[in-house]
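Listed here are the chains, written in short residue letters.
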Amino acid sequence: MHRLVLVSFVMLAACQQVSEPLVTTPAAPGFTNAPGRTEWLLQRWRDEHGRLPTAADLAAARAQFRAVDANADLLEDPNVQRTSWVSRGADNVGGRARPIVIHPTRPWRIWCGAASGGVWRSDTYGSNWQPLADAMGNLAIASLVLSPADPNVLYAGTGEIFSGDAVAGAGIWKSLDGGDTWSLLTATAAFGSVTRLAISPANASIVLAATTTGLHRSTNGGTTWSTVIASVNAWQVLFSPNHGDRCIAAMTDGTAASVRYSFDSGATWTTTTYARTNGRCELAYAKATSNRLFAAAQEAGGELWRSNDGGLTWTQMAAAGLTGAGEQIDYNNCIWVDPTDSNKLVVGWVSMYRSTDGGATFSVIAPGGGYVIDEDPPHSDFHSIVADPGYNGTTNKLVYVSNDGGIYRTSDILSVSSTAGWSRRRDTLRTTQFYGVAGHGNGKLAGGTQDNGTFAVTRTDPRARRLTGGDGGPCVIDPVEPDRVWTQTQFRNVWRHDGVVETHIGNGLEQADGTCTSFIAPLELDPNDRRRLYSGGCTLWRTVDSTAASVTWVAVKPSTGAAISAIAIAPSNSDIVWVGDGNGAVYRTANATAATPTWVTIDDGANVGTLPNRFVSDIAIHHTNPQQVWVVFGGFAANNVQRTTDNGANWTSRQGSGATALPNAPVLTIAQHPHLADTFYVGTEVGVFDTHDGGAAWSTTNEGPADVRCADLKFIPGTSTLLLGSYGRGLWTADLTAPGTRDIGAGCAGSNGTPVLAATAPRLGLNSTLTLTGRVANQPVWLLQGSSRFTWLGNLLPFEMTPLGAAGCRLRVAPELIRDWSVSGSGTLQLSLPIGSSPALLGQQFWLQAAVADPGRNAFGHVFSNGIEMTIGS
């Protein structure tokens, strides 16, 4: 009877009782300088003693990550949740890809390995891709191989050694289901980086692994291994396509390069006559001519060698037109021989070359160099060349190549040219490697990338639009005119893109400090004045006319001999600027806008100060309290997050402890939540972590970006959206709207006092606990939910209930949903209210109120609790 009275009042003939969640998920609507990059990366990895990490250090950091991740699953209120992350692309810009393998009987199925983005698979000849094995534990895929006995069996070797920004390896992983799931071959965990894998065509149980710890061999499919050549860095190993027991390998002992052969499936090895100093060498068998091999060598700027006796002896070829000048062959080197005609071969360095006369002469078929998004000439820097399994040199001449821009294909490798015949096969291969990112409230997202320039996408369109070229670094979007973006390429070349035109505005800035600058140097825009832009070499440079046609730079901090690695400007005061150096030194000024600012040494990176003497990765000045500053450091070491609350006089480590501690790994970036004073986010070598209590405890979840290097984090100005630039898995956002509850007016007194409704903050994918006190014993209670607190059925809210016999009571919520909460009993009531998990719910609001049957209190027979405004957050 009570419920009929209530329903007749609300006049909701269509209103229904619900047992589903009260909040439901809506319908789904340039060019690279490899040595400079190497040194910059090594700086971020070294500890204060100059020690580089071992495989054990990396394994320990990942184990710490897994412990924090497991602990986060137990928390009631994680911040960056598993449902928070959304991939933003780019769909048409691939990152560095290395190995390619193709299913032998289903040529539409292709696997590729990204240098720091994991294993990907296409079932559409490469027209689109999906990631596999996010939880592998290492996404640096340097080698892939299919079992000749079963194409569902794959081996993946981790760790890249040919790049200065390489991600270290963690052994070999094996899949038995085409790459859907993977398991570590535990005996390989200490192999270091696995540069190449090979399986015997005669016996699929025999696997060879070329690694940084030597050449290893398994005779039981990877369960156990023996080292067949020790104390070498092995670059490559492969079996002969014609003789199942013959194989060849290239390696260096640190003094000289060598090529070695085996005639017993890799059990024993003999050194060949190939003798060069120490340059990288890539090998290829000529299937059409028994015992013929070719070698593309780094020596003397680029050479081609040939063997006609299975690799025992070698002869250098003339190779006219195969020029190695500027080809960085230690980084990009691959060679392929037509399996039907041994006179036809292709060599990939920065450019790609083809010979039709057995290596005597070559012509360019892909020029490398410049790169334009959505055009088909391949990106530069080639890493592998693989033919379709049905290649026959006549009706099927299909070949795939990998490079720093992803995957490309030609339907005719024998006629393709530098101007025609290539097609991109990298759409949705979201493996871009970001160095720096920026966002705008209008949905524009920009980022600087490894060898793919700086480009922009939007939250609604993941296809990239080029801004500037080269190795993109940090970038900044104009907060007022978002078509304007400032970018910085390698070695501090500053550019401005005005929506159509890209303009170099460095005006000699890149030469001003000589060679004293980082490969990727910091660039920061004053959040209080968009005309004021800073760039860091060894000197700190400033311009106050960054939007002008001609930009002038002035030095505002003299050189200390170390390159500046981080710049921070106080959001609340443009005069407060902090900088950090690559040697651990930290400085601050309180008059940064002056012609000659005065600088205070917080730590000199040597003898003054208590901070770690390691690479300063990033600095964050508290939004409202500039006395509180956070500095984060590189190095596989402890205490990489430091905080001061007194302007640098004293420092404390904010790493956390136990299962809530950050891993001992480089912390690369830090960002503060725009509305939560003690909530910070850090990007590390092994993932993203967050703290809600000023660094006392940290939690994480990487289900989204996965186990990837997180290079840059920024909150998009004016929003609660965190933007991540990952190094290998593209751009990601997480909407981190803070959840909240707010009373919207008091209830009215009943026979047992005034009913009071309370709720815990509603978070995506979790339950909000509702509590009601002041109910009347053994009387029904209903929970009212609405999407408005202002109007209902044309009536203004709150609605005065006095005319209906409930004096002093007000309906505060549009009762669009009514739930039976209780029909009997007494005391405090509790209810778990499920919240949907869709990111589209972030920031949405709904309102709740309880109606309590109280027949002895008034003529209407009901009293009402306070109303609650619920804001869904994460």
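Residues numbered from 1 in each chain as written. Predicted model: local features only at pLDDT ≥ 70, side-chain atom pairs only at ≥ 80, totals over all residues. Heavy atoms only, no water.

J.: Give me the overall build of the protein chain: which residues, what numbers.
T.: Regarding its fold elements, the protein chain presents four helices and 67 strands. The globule rule puts the C-alpha radius of gyration for 874 residues at 29 Å, and the 31 Å found for the protein chain is close to it. Considering only C-alpha atoms, the protein chain reaches an extent of 105 × 65 × 50 Å along its principal axes. Taking the 60 positively charged and 71 negatively charged side chains of the protein chain as two groups, their mean positions are separated by 2 Å. (Helix = DSSP H or I, 4+ residues; strand = E, 2+ residues; numbered from the N terminus. Rg over C-alpha atoms; globule rule 2.2 N^0.38 Å. Lys, Arg positive; Asp, Glu negative; His and termini not counted. Charge placed at Lys NZ, Arg CZ, Asp CG, Glu CD.)

J.: Account for the state of the cysteines, naming residues and giving values.
T.: In protein structure, a disulfide is the covalent linkage between the sulfur atoms of two cysteines. Scanning the model with the defined rule gives two disulfides in all. In this model, Cys516 is linked to Cys538 through a disulfide, with the two sulfur atoms separated by 1.4 Å. Within this pair, whereas Cys516 is found in the loop between helix H4 (509–512) and strand S38 (523–525), its partner Cys538 is found in the loop between strand S39 (533–536) and strand S40 (540–543), the two being separated by 22 residues in sequence. Cys538 gets classed as buried once you look at its relative accessible area, which sits at 2%. (Disulfide = S-S within 2.5 Å. Buried < 20%, exposed > 50% of the residue type's maximum accessible area, 1.4 Å probe, protein only.)

J.: How would you summarise the sheet that holds strand S35 (residues 485–489) if you had to cite specific residues and measurements?
T.: Read across the open sheet, the four strands follow the order S34-S35-S36-S37; overall the sheet is antiparallel. Here the strands that pair on one side only, and so sit at the sheet edges, are strand S34 (472–477) and strand S37 (502–504). Averaged over all neighbouring strand pairs, the angle between strand axes comes to 25 degrees, with direction disregarded. Relative to strand S36 (residues 493–497), S35 is paired through five bridges, and the arrangement is antiparallel. Along S36, the bridge assignment pairs Trp486 with Arg496. (Pairing = 2+ DSSP bridges. Axes fitted to C-alpha atoms, helices over the stretch in contact; angles between N-to-C directions.)

J.: I'd like to hear about the sheet that holds strand S52 (residues 687–691), residue by residue, with values.
T.: Spatial strand order, S50-S51-S52: three strands in an open sheet with antiparallel pairing. Each edge of the open sheet carries a strand with a single partner, namely strand S50 (667–672) and S52. Adjacent strand axes in the sheet meet at a mean angle of 20 degrees, parallel and antiparallel pairs treated alike. The pairing of strand S51 (residues 680–684) with S52 spans five bridges and is classified as antiparallel. From the neighbouring strand, Tyr681 faces S52, where its bridge partner is Asp690.

J.: For the packing of aromatic side chains, give the residues involved together with the corresponding values.
T.: Taken as a whole, this structure holds 15 aromatic pairs when the rule is applied. Seen in terms of ring centroids, Phe191 and Trp225 are 5.5 Å apart; in terms of plane orientation they differ by 85 degrees. Their pairing is edge-to-face. Here Phe191 is found in the loop between strand S9 (183–184) and strand S10 (194–199), whereas its partner Trp225 is found in the loop between strand S12 (214–218) and strand S13 (226–229), with 34 residues between them in sequence. By relative accessible area, Phe191 is classed as buried at 6%. A connected cluster of aromatic rings, assembled from ring pairs, spans Trp40, Tyr435 and Tyr727. Lying over the aromatic face of Phe162, Arg280 brings its terminal NZ or CZ to 3.5 Å of the ring centre. Residue placement shows Lys557 over the ring face of Tyr587; its charged tip is 4.1 Å from the ring centre. (Phe/Tyr/Trp six-rings, centres within 6.5 Å; stacked < 30°, edge-to-face > 60°. Lys NZ or Arg CZ within 6 Å of the ring centre and 35° of its normal.)

J.: Report on the environment of Thr454, specifying residues and quantitative values.
T.: Within the element layout of this structure, Thr454 appears in strand S32 (residues 454–458). The exposure class assigned to Thr454 is buried, which follows from its relative accessible area of 0%. In this structure, the C-alpha to C-alpha distance between Thr454 and Leu215, residues 239 residues apart in sequence, is 39 Å.

J.: Any details on the side chain of Arg709? Residues and values, ideally.
T.: Looking at where Arg709 falls in the secondary structure, it is placed in the loop between S52 and strand S53 (710–715). Residue classification places Arg709 among the buried positions, given a relative accessible area of 3%. In terms of polar contacts, Arg709 uses its side chain to reach the side chain of Glu685, at 2.8 Å. (Polar contact = N/O pair within 3.5 Å; in protein donor to acceptor, adjacent residues only side chain to side chain.)

J.: Outline the pairing of strand S65 (residues 829–834), supporting the account with residue identities and numerical values.
T.: Here is the key point about a regular strand: its side chains alternate between the two faces of the sheet. Of the two faces of S65, the one lined by Leu829, Leu831 and Leu833 is fully buried and the one lined by Gln830, Ser832 and Pro834 carries no buried residue. As judged from the six bridges shared by strand S58 (residues 767–773) and S65, these two strands associate in the antiparallel manner. Directly across from Asn767, in S65, lies its bridge partner Pro834.

J.: So what's going on with unusual backbone geometry? Which residues, and what values?
T.: For the bond from Gly89 to Ala90, the omega torsion is 10 degrees, close enough to zero to count as cis. Take Ala90: it is sitting in the loop between strand S1 (85–89) and strand S2 (97–102). Residue Leu797 is joined to Pro798 through a cis peptide bond whose omega torsion reads 0 degrees. Looking at the secondary structure, you find Pro798 in the loop between strand S61 (795–796) and strand S62 (799–800). Even without being a glycine, Ala706 presents a positive backbone phi close to 70 degrees. Structurally, the position occupied by Ala706 is in the loop between S52 and S53. When its relative accessible area of 2% is taken as the criterion, Ala706 is described as buried.

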